[in-house]
Amino acid sequence: MLCAAFPRSMLAAMNFPQYRPRRLRESAALRALVRETELSANHLVLPLFVREGRRLRRPIASMPGQFQLSVDELLKEAAAAFAVGVPAVILFGIPDRKDERASGACGIVPKAIRALKKELPELIVIADVCLCEYMSHGHCGVVRDGKVDNDATLPLLARAAVAYADAGADIVAPSDMMDGRVAAIRAALDRAGHKQTPIMSYAAKFASAFYGPFREAAENAPRFGDRRSYQMDCANGEEALREVAMDIAEGADIVMVKPGLAYLDLVRRVKDKFGYPVAVYNVSGEYAMLKAASANGWLDEKAVALEMMTAFRRAGADIILSYWATDVARWLSETR
Ligand code: PBG
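Residues numbered from 1 in each chain as written. Predicted model: local features only at pLDDT ≥ 70, side-chain atom pairs only at ≥ 80, totals over all residues. Heavy atoms only, no water.

J.: Could you give an account of the overall build of the protein chain, with specific residues and numbers?
T.: Of regular secondary structure, the protein chain possesses twelve helices and twelve strands. At 21 Å, the protein chain has a C-alpha radius of gyration in line with the 20 Å of a compact globule built from 336 residues. Pairs at least 24 residues apart make up 74% of the contacts formed inside the protein chain by residues separated by at least 6 positions. Side chains of the protein chain carry 44 positive and 41 negative charges; the gap between the two charge centres is 3 Å. (Helix = DSSP H or I, 4+ residues; strand = E, 2+ residues; numbered from the N terminus. Rg over C-alpha atoms; globule rule 2.2 N^0.38 Å. Contact = heavy atoms within 4.5 Å. Lys, Arg positive; Asp, Glu negative; His and termini not counted. Charge placed at Lys NZ, Arg CZ, Asp CG, Glu CD.)

J.: Before we move on, could you go through the pairing of strand β10 (residues 254-258) and cite the residues and values that matter?
T.: By the criterion of burial, β10 is predominantly enclosed, with five of the five residues buried. Residues I254, M256 and K258 of β10 are buried on one face, and the alternating residues V255 and V257, pointing to the opposite face, are buried as well. Direction of pairing for strand β9 (residues 200-205) relative to β10: parallel, over a ladder of four bridges. Each bridged residue has a counterpart across the sheet, and for S201 the counterpart in β10 is V255. Bridge count for β10 against strand β11 (residues 278-282) is three bridges, and the pairing is parallel. Across the sheet, residue V255 finds its bridge partner in β11, namely V278. Note on the crossover from β10 through helix α9 (residues 264-274) to β11: the handedness is right-handed. (Buried < 20%, exposed > 50% of the residue type's maximum accessible area, 1.4 Å probe, protein only. Pairing = 2+ DSSP bridges. Right-handed = clockwise from strand over helix to strand, strands pointing away.)

J.: Which residues make up the packing of aromatic side chains, and what are the values?
T.: Applying the stated criterion to the full structure yields nine aromatic pairs. Pairing Y202 with Y281 gives two aromatic rings, centres 6.2 Å apart and planes at 40°, and the pair type is tilted. Residue Y202 is located in strand β9, and its partner Y281 is located in strand β11; the two are separated by 79 residues in the primary sequence. An aromatic cluster of three or more residues is present, and its members are F49, F92, Y202, F214, Y281, Y287, Y323 and W324. Sitting over the face of the ring of F67, R57 holds its NZ or CZ atom 4.4 Å from the ring centroid. Over the face of the ring belonging to F214 we find K258, whose NZ or CZ atom lies 5.9 Å from the ring centre. (Phe/Tyr/Trp six-rings, centres within 6.5 Å; stacked < 30°, edge-to-face > 60°. Lys NZ or Arg CZ within 6 Å of the ring centre and 35° of its normal.)

J.: Please set out the nonpolar core residue by residue, giving values where relevant.
T.: Formed by 116 residues in total, the largest nonpolar core has its most connected members in Y164 and M200. For this core, the element with the highest residue contribution is helix α5 (residues 150-167), accounting for twelve residues. For M200, the contacting residues outside a window of four places in its chain are I90, I126, I171, V172, A173, P174, I254, M256, A279 and L321. (Core = buried A, V, L, I, M, F, W, Y, C linked by side-chain atoms within 4.5 Å.)

J.: Residue-level account of a nonpolar patch on the surface, with values.
T.: Where nonpolar side chains cluster on the molecular surface, the patch consists of L24, L33 and V34 and spans about 300 Å² of accessible area. Among the secondary structure elements, L24 is positioned in the loop between α1 (8-13) and α2 (28-33). (Patch = residues over 30% accessible without salt bridge, like charges linked within 9 Å, V, L, I, M, F, W, Y side chains within 5 Å. Areas by Shrake-Rupley, 256 points an atom, 1.4 Å probe, with all protein chains shown as cover. Salt bridge = Lys/Arg side-chain N within 4 Å of Asp/Glu carboxyl O.)

J.: Pulling in residues and values, what's your account of the site of the ligand?
T.: Around the ligand sit 16 residues, and of these R215, Q231, K258, S284 and Y323 come closest. Note that an oxygen atom of the ligand is positioned 2.8 Å from one of the side-chain N or O atoms of Q231. Between the ligand and Y323, the relevant distance is 2.6 Å, taken from an oxygen atom to a side-chain nitrogen or oxygen of the residue. In isolation the ligand exposes 400 Å². Once the protein is present, 100% of that is buried. Counted by class, the shell around the ligand contains eight nonpolar, four polar and four charged residues. (Near = heavy atom within 4 Å. Polar contact = N/O pair within 3.5 Å; in protein donor to acceptor, adjacent residues only side chain to side chain. Nonpolar A, V, L, I, M, F, W, Y, C, P; charged D, E, K, R; others polar.)

J.: With reference to specific residues and values, describe helix α11 (residues 301-315).
T.: Helix length check: α11 (15 residues) gives 21 Å between terminal C-alpha atoms against 21 Å at 1.5 Å per residue, within 8%. When α11 is considered as a whole, its buried residues turn out to be E301, A305, L306, M308, M309, A311, F312 and A315. Looking at the buried residues of α11, the elements they touch are β1 (44-51), α9, β11, α10 (284-295), β12 (319-322) and α12 (325-335). For α11, the N-terminal cap is D300; the gap from its side-chain oxygen to the backbone nitrogen of K302 is 3.2 Å. Positive backbone phi, at 120°, marks G316, one or two positions downstream of α11. (Expected span 1.5 Å × (residues − 1).)

J.: So what's going on with the side chain of N150? Which residues, and what values?
T.: Topologically, N150 is positioned in helix α5. Reaching out from N150, the side chain makes a polar contact with the backbone nitrogen of D179 at a distance of 2.7 Å. Residues within four places of N150 in sequence aside, it is in contact with M178 and D179.

J.: Outline the pattern of salt bridges, listing residues and values.
T.: Under the criterion given, the structure shown has 18 salt bridges. Here D253 ties to R186 by a salt bridge, and the two come within 4.0 Å at their closest N and O atoms. With D253 in the loop between α8 (238-250) and β10 and R186 in helix α6 (residues 181-191), this residue pair connects regions lying 67 residues apart in the sequence. The residue D272 makes a salt bridge to R268 at a minimum N-O spacing of 3.0 Å. A residue pair is termed a helical-turn pair when its members lie 3 or 4 positions apart in one helix, as D272 and R268 do in helix α9 at four residues. Within this structure, R57, E73, K76 and E77 form a network of salt bridges that share partners.

J.: Explain the side chain of N282 to me, and be specific about the residues and the numbers.
T.: Structurally, N282 can be placed in strand β11. Discounting residues that sit within four places of it in the chain, N282 has contacts with M308, M309, F312, L321, S322, Y323 and W324.

Written out as structure tokens, the structure is:
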């Protein structure tokens with residue numbers, strides 16, 4: 001059935017045999033001529049995991065090809081990504097010691113940022129701002145009486161964001177899902193003289209089982225309970241739009257939808273409704289699924305990954321965070 005949005009006159013013209021969509025699919029050149037969505041490395045962000053040590057490259061079992069890296073190895077990984085055209089990385093830190101104040105949030109990541117900005121000044125360095133990796137209980141905020149205390153968490157997030165901006169981060173990206181954190185971070189950044197540092201907020205971040213492998217990578221699984229009291233219910237689209245509206249009102253410059261593949265409807269709705277730069281996170285579970293299938297010979301990794309990237313862009317994403325970023329950039333340069 002044809003879409004009611006088309007005028008009657010056009011509906012007639014779009015009838016077979018006058019209209020034959022296959023005409024424009026006949027050759028690769030014709031298909032390229034009418035292609036609506038182009039992929040380029042310019043929009044990719046590579047997530048990297050960093051921890052203390054030297055020459056450390058600890059494989060993450062559920063994410064083949066991804067590693068926990070010491071700063072020296074992180075520099076190599078980032079340089080390799082940058083060399084093939086990936087313009088940005090986002091950093092997640094794994095501290096040696098965890099506590100109930102997330103003290104480690106201001107340790108390894110600022111160190112990594114300084115090293116990256118020194119070695120690769122043109123690489124965009126994004127710092128994920130969250131506390132779960134640094135908390136002994138693994139939750140994204142301060143725990144009081146067995147609950148995550150929203151307002152007590154805000155100053156800790158703001159302090160971490162300022163530490164990252166001080167170290168030279170180009171963008172800070174709060175992923176904790178506390179209410180009011182974008183405003184708190186914006187105010188703290190401005191006070192510290194970082195008026196020009198953009199905030200990319202994980203605005204619509206869902207409590208998702210697709211984060212499973214990341215919890216191994218970042219060692220941030222909650223020790224009790226789950227994240228449903230702060231991350232969103234996967235059934236709620238309208239609420240996601242409210243979350244995005246709120247973050248924009250509080251000063252977010254880029255808004256993210258996360259996870260990606262199962263939430264493309266929201267990427268489109270957020271883009272259409274707000275017209276803001278939209279990021280999508282192609283999360284660890286999406287990566288693990290395809291890696292496992294391709295290892296078994298069931299799916300073609302390159303073809304499926306490129307199809308995913310195209311789908312993110314078609315849905316309206318400007319920015320794609322993906323563990324495939326370096327591969328995708330390389331694949332794109334090879335096929336040219
Ligand atoms: C934590 C955080 C998570 C991810 C990014 N930041 C996991 C979580 O909320 O437990 C998930 C990324 C992925 O799965 O690739 N603040």
